[in-house]
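# Descriptive structure summary
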Amino acid sequence: MLKKLSDRIKLYIKKNEHNVGTIDDIPNLTEIKLEYKKLTNKKNFFYELKRTLAFFVSIIALGIIISTFWIRILTIHGTSMSPNLVSNDAVIAVKKQEYKKGDIIAFYYNNKILVKRIIGTSGNWINISQGGDVTINGKNVKEKYLNKSKKSIGIIDVKLPYQVPEDKFFVMGDQRSISIDSRNKSIGSIGKEQIIGKLEFRVWPLQHFNILK
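These lines cover the structure that appears in this document, whether it is placed above or below. (Residues numbered from 1 in each chain as written. Predicted model: local features only at pLDDT ≥ 70, side-chain atom pairs only at ≥ 80, totals over all residues. Heavy atoms only, no water.)

Of the two faces of strand β5 (residues 125-128), the one lined by I126 and I128 is fully buried and the one lined by W125 and N127 carries no buried residue. For β5 and strand β8 (residues 162-163), the ladder comprises 2 bridges, and the chain directions are antiparallel. Bridging from a neighbouring strand, W125 pairs with Q163 of β8. The pairing of β5 with strand β6 (residues 134-136) spans 3 bridges and is classified as antiparallel. Looking at β6, one finds that I128 is bridged to V134. (Buried < 20%, exposed > 50% of the residue type's maximum accessible area, 1.4 Å probe, protein only. Helix = DSSP H or I, 4+ residues; strand = E, 2+ residues; numbered from the N terminus. Pairing = 2+ DSSP bridges.)

This is how it looks when you write it as structure tokens:
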């Protein structure tokens, strides 16, 4: 290290004051270059190490922020959204400012995460026929995402027609015969504060990767 070279020079000066110092006591140019190179390499190593650590810490922090406030990767459990989503599908939910009819959303309910589709929004009057056809404000809803042969009124205990409360969403699963959703008083309409995000993509299995509609 340069400190050692400096100490050698100081020692030479001290010895020379008493006429006992020799030229060998002074570090030569090669020694100085070698020590300087060692010092430079050490500084570069620690500099690169700090840069690398800072990079990884930033990536981890960004991942935490994104997963907490914007994007969530979720795994589907159960069959209430089949055939469009089935168990073990991995999906990406994105936090939105606004949600609309037809959006598939993930939301919190009793410390669980449920996935359903928005059928009606604030103020809408929802009605469901015995055959499973849905009307909003008296107009038939075209639900292309459903298997028409499997339409069902499902498990329902709310009074129809049902008006969606202010700032709430009426949600239903695509597998109408088994889904427990806003048709049941136990769940009811969903508040925006419960929503994790809109499901945008299915990312697993890879062969089924697609944009969700």
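Here the narrative resumes.
Here the focus is the pattern of salt bridges. Applying the stated criterion across every chain, the model contains 9 salt bridges. Two residues, R202 and D89, come together in a salt bridge whose shortest N-O distance is 2.7 Å. Of this pair, R202 sits in strand β11 (residues 195-204) while D89 sits in the loop between β1 (71-75) and β2 (90-94), and the two are 113 residues apart along the sequence. There is no split in this pair, since R202 and D89 are both buried. Here the salt bridges do not stand alone but share partners, grouping K96, K100, D103, K198 and E200 into one network. (Salt bridge = Lys/Arg side-chain N within 4 Å of Asp/Glu carboxyl O.)

Once that is clear, we can look at the nonpolar core. Within the largest apolar cluster, 13 residues are counted, with the highest numbers of intra-cluster contacts made by I119, I126, I128, V134, F170 and M172. Excluding its chain neighbours within four sequence positions, the residues that come into contact with V134 are I119, I126, N127, I128, K139, N140, V141, E143, M172 and R176. Counting 12 residues, the second-largest nonpolar core is a separate cluster that includes I76, V91, A93 and L199. (Core = buried A, V, L, I, M, F, W, Y, C linked by side-chain atoms within 4.5 Å. Contact = heavy atoms within 4.5 Å.)

Nonpolar side chains collect at one region of the surface, where F201, F209 and I211 lie side by side and expose about 290 Å² of accessible area between them. Accessibility expressed as a relative area gives 48% for F209, which makes it partly exposed. (Patch = residues over 30% accessible without salt bridge, like charges linked within 9 Å, V, L, I, M, F, W, Y side chains within 5 Å. Areas by Shrake-Rupley, 256 points an atom, 1.4 Å probe, with all protein chains shown as cover.)

Turning our attention to the sheet that holds strand β7 (residues 139-140). Spatially, 4 strands are ordered β7-β6-β5-β8 in an open sheet, and the strand pairing comes out antiparallel. Both outer strands of the open sheet, β7 and β8, are each paired with one neighbouring strand and no more.

To continue, consider the packing of aromatic side chains. According to the stated counting rule, one finds 3 aromatic pairs in the structure shown. A centroid spacing of 6.3 Å and a plane angle of 85° characterise the contact between Y99 and F169, whose relative ring orientation is edge-to-face. Remark: F169 occurs in strand β9 (residues 168-172) and Y99 occurs in the loop between β2 and β3 (104-109); sequence separation between them is 70 residues. Above the plane of the ring of Y145 lies R117, whose end atom (NZ or CZ) is 3.6 Å from the centre. (Phe/Tyr/Trp six-rings, centres within 6.5 Å; stacked < 30°, edge-to-face > 60°. Lys NZ or Arg CZ within 6 Å of the ring centre and 35° of its normal.)

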